[in-house]
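# Coordinate analysis (summary)
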Amino acid sequence: FGYHTYVTAMVGYDYIHYPDENKFLLPSGKSWQHAPMFGIGFRYDTRDLYEYPRNGWFIEAYAKETTYPKQMDYMQLGADIRRYIRIYKNVSLAVRGAADFSRGKIPVFSRIFLGYKERVRGQFYTQLEGENRAIGGVELRFPLLPTRYIDLSYPSSILGHYSQNL
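Our subject in this report is the structure included herewith. (Residues numbered from 1 in each chain as written. Predicted model: local features only at pLDDT ≥ 70, side-chain atom pairs only at ≥ 80, totals over all residues. Heavy atoms only, no water.)

It is worth spelling out the overall build of the chain at this point. Scanning the chain from N- to C-terminus turns up zero helices and eight strands. Mapped from its N terminus to its C terminus, the chain presents α and β elements in the order β-β-β-β-β-β-β-β. By residue count, 25% of the 166 residues in the chain fall in the buried class. Total accessible area computed for the chain in this model is approximately 12,500 Å², and 61% of it derives from carbon and sulfur atoms. (Helix = DSSP H or I, 4+ residues; strand = E, 2+ residues; numbered from the N terminus. Buried < 20%, exposed > 50% of the residue type's maximum accessible area, 1.4 Å probe, protein only. Areas by Shrake-Rupley, 256 points an atom, 1.4 Å probe, with all protein chains shown as cover.)

In structure tokens form, the structure reads like this:
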């Protein structure tokens, strides 16, 4: 819907086969599970830069349901709201709040993790997992070095167009 607003419909299916010695962990007592998933998502993104934004909004929300009779039935809801406010030239304020909530018995492959793709500042090597999470943060961002552009195309570069502007 326009340049900044996205709506997503999700449909997925997983067939999971466990080793026979671990089948006692499953509620059905079988060594396999079916996991069909249906969901919806919403995203509103007006950030000026994808990697290091200084101005704009990022709002994302999702809901997904995974259900199969007598094997699994759970739902996950989540939201991530970020606001970037430019204070002066390259100085900006970043505010973030995010939460993920689960209902039902969550299997190990759908748990929520911190410490891999999503990290907490100051805890780079810490990994945590669970069924729910809530995180938030406020940052004052300013550059330590000025932005520099490097042109490696003259007279010629062995990397071609991939290294003309860094």
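This part is about a nonpolar patch on the surface. Judged by side-chain polarity, Ile85, Ile87, Tyr88, Leu140, Phe142, Leu144 and Leu145 come together as a nonpolar surface patch covering roughly 810 Å² of accessible area. Of all the elements, strand E4 (residues 72-88) adds the most residues to the nonpolar patch, at three residues. Looking at the secondary structure, you find leucine 140 in strand E8 (residues 133-141). (Patch = residues over 30% accessible without salt bridge, like charges linked within 9 Å, V, L, I, M, F, W, Y side chains within 5 Å. Salt bridge = Lys/Arg side-chain N within 4 Å of Asp/Glu carboxyl O.)

Turning to the packing of aromatic side chains, a few remarks are in order. Summed over all chains, the structure comprises two aromatic pairs. Residues phenylalanine 113 and tyrosine 116 carry aromatic rings whose centres are separated by 6.0 Å and whose planes lie at 80° to one another, so their mutual orientation is edge-to-face. It is arginine 119 that lies over the ring of phenylalanine 124; its NZ or CZ is 4.1 Å from the centre. (Phe/Tyr/Trp six-rings, centres within 6.5 Å; stacked < 30°, edge-to-face > 60°. Lys NZ or Arg CZ within 6 Å of the ring centre and 35° of its normal.)

Attention now goes to the sheet that holds E4. Sheet architecture is open: six strands sit in the order E1-E2-E3-E4-E5-E8, paired in antiparallel fashion. Looking along the sheet, the strands with just one partner apiece sit at the ends: strand E1 (5-17) and E8. With strand direction ignored, the average angle separating the axes of adjacent strands in the sheet is 10°. Pairing geometry for E1 and strand E2 (residues 32-45), over 13 bridges, is antiparallel. Each bridged residue has a counterpart across the sheet, and for aspartate 14 the counterpart in E2 is alanine 35. (Pairing = 2+ DSSP bridges. Axes fitted to C-alpha atoms, helices over the stretch in contact; angles between N-to-C directions.)

Let us now look at unusual backbone geometry. Excluding glycine, residues mostly have negative phi values, and the peptide bonds linking residues are mostly trans. Non-glycine residue lysine 89 carries a positive phi angle of around 40°. If you trace the backbone, lysine 89 turns up in the loop between E4 and strand E5 (91-104). Overall, the relative accessible area of 59% leaves lysine 89 in the exposed class.

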